[in-house]
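# Close look at the chain arrangement
One-letter residues, chain by chain:
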Amino acid sequence: MAWSATDAVKHAEDNAFATSQKKCAGYVKKALVAGGLAAIDCVHARSCGGGLEAQGFTMVMDQNTDTGTYEKGDVVVIESFADPDGEGKLKGSASGHMAIWNGSIWISDFKQSKDVYPGAGYRMAKPAYKVYRNSGK
């Protein structure tokens, strides 16, 4: 089965919650399989980039080169980060985060927004990230 960003995005949309379930990698990996990829072997979202590259994705931008011009089916992989405010008000994330772009918003285990970062802690900490794209070949 060839890669289908449309099928991957539909699966992500159909299975997304209103709020985070703290299982972004699992949900995005299932969406990628629905789009025609083999299962990606990574536990933490932050470590899924190599699996994406092994299946035809290439890194097209990072936090320093992000133009905000995403294509349907793009996947963002965000690094982990510690307590961003130093006071424990905003929790860090040891696993990082990943999401798929549906053409309007980012979707992981929940429907996010146009912002690549899924929440206030990420927006404050601004951890490094990479956006991957599959050419469909």
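A short tour of the structure in this document, coming up. Everything quoted here is computed from the prediction, not taken from an experiment.

Definitions and limits used
- Residues numbered from 1 in each chain as written.
- Predicted model: local features only at pLDDT ≥ 70, side-chain atom pairs only at ≥ 80, totals over all residues.
- Heavy atoms only, no water.
- Helix = DSSP H or I, 4+ residues; strand = E, 2+ residues; numbered from the N terminus.
- Rg over C-alpha atoms; globule rule 2.2 N^0.38 Å.
- Contact = heavy atoms within 4.5 Å.
- Lys, Arg positive; Asp, Glu negative; His and termini not counted.
- Charge placed at Lys NZ, Arg CZ, Asp CG, Glu CD.
- Buried < 20%, exposed > 50% of the residue type's maximum accessible area, 1.4 Å probe, protein only.
- Arc of directions from axis to C-beta.
- Phe/Tyr/Trp six-rings, centres within 6.5 Å; stacked < 30°, edge-to-face > 60°.
- Lys NZ or Arg CZ within 6 Å of the ring centre and 35° of its normal.
- Disulfide = S-S within 2.5 Å.
- Polar contact = N/O pair within 3.5 Å; in protein donor to acceptor, adjacent residues only side chain to side chain.

### A closer look at the overall build of the protein chain
- Counting secondary structure elements, the protein chain contains four helices and five strands.
- N-terminal to C-terminal, the α/β element order of the protein chain is α-α-α-β-β-β-β-α-β.
- Taking 14 Å as the expected radius of gyration for a compact globule of 137 residues, we find that the protein chain reaches 14 Å, a close match to that expectation.
- Each of the three principal axes of the protein chain carries a C-alpha extent, and together these read 50 × 30 × 25 Å.
- A separation of at least 24 residues holds for 66% of the contacts in the protein chain among residues at least 6 apart in sequence.
- Measuring between centres, the 16 positive side-chain charges of the protein chain sit 4 Å from its 15 negative side-chain charges.

### Some words on helix 1 (residues 5-15)
- All of the buried residues along helix 1 are Ala 5, Ala 8, Val 9 and Ala 12. Around the axis of helix 1, the buried residues are gathered within 95° of arc, so they sit on the same side.
- For helix 1, the secondary structure elements touched by its buried residues are helix 2 (24-34), strand 3 (97-101) and strand 4 (106-107).

### What to know about the packing of aromatic side chains
- Considering all chains together, one arrives at eight aromatic pairs under this definition.
- Ring centres of Tyr 117 and Tyr 129 lie 5.5 Å apart, and the angle between their planes is 90°; on these two criteria the pair is classed as edge-to-face. Pair noted here: Tyr 117 is in the loop between strand 4 and helix 4 (120-125) and Tyr 129 is in strand 5 (residues 129-134), with a separation of twelve residues, a long-range link.
- We classify Tyr 129 as buried; its relative accessible area is 7%.
- Ring pairs connect the aromatic residues Phe 81, Tyr 117, Tyr 122 and Tyr 129, which therefore count as one cluster.
- The ring centre of Tyr 27 lies 6.0 Å from the NZ or CZ of Lys 30, which sits over that ring.

### Thoughts on the state of the cysteines
- The tally for this structure, following the rule as stated, stands at one disulfide.
- In this structure Cys 24 is not part of a disulfide, and its nearest cysteine sulfur, from Cys 48, lies 8.1 Å away.
- For Cys 24, a relative accessible area of 10% gives the class buried.

### Some points on unusual backbone geometry
- Phi is positive for Lys 22, close to 65°, though the residue is something other than glycine.
- By the element assignment, Lys 22 lies in the loop between helix 1 and helix 2.
- Even without being a glycine, Lys 126 presents a positive backbone phi close to 50°.

### Notes on the side chain of Arg 133
- In this structure, Arg 133 sits in strand 5.
- A distance of 2.7 Å separates a polar atom in the side chain of Arg 133 from a polar atom in the side chain of Asp 74.
- The residues contacting Arg 133, other than those within four sequence positions of it, are Gly 56, Phe 57, Thr 58, Val 60, Met 61, Thr 69, Tyr 70, Glu 71 and Asp 74.

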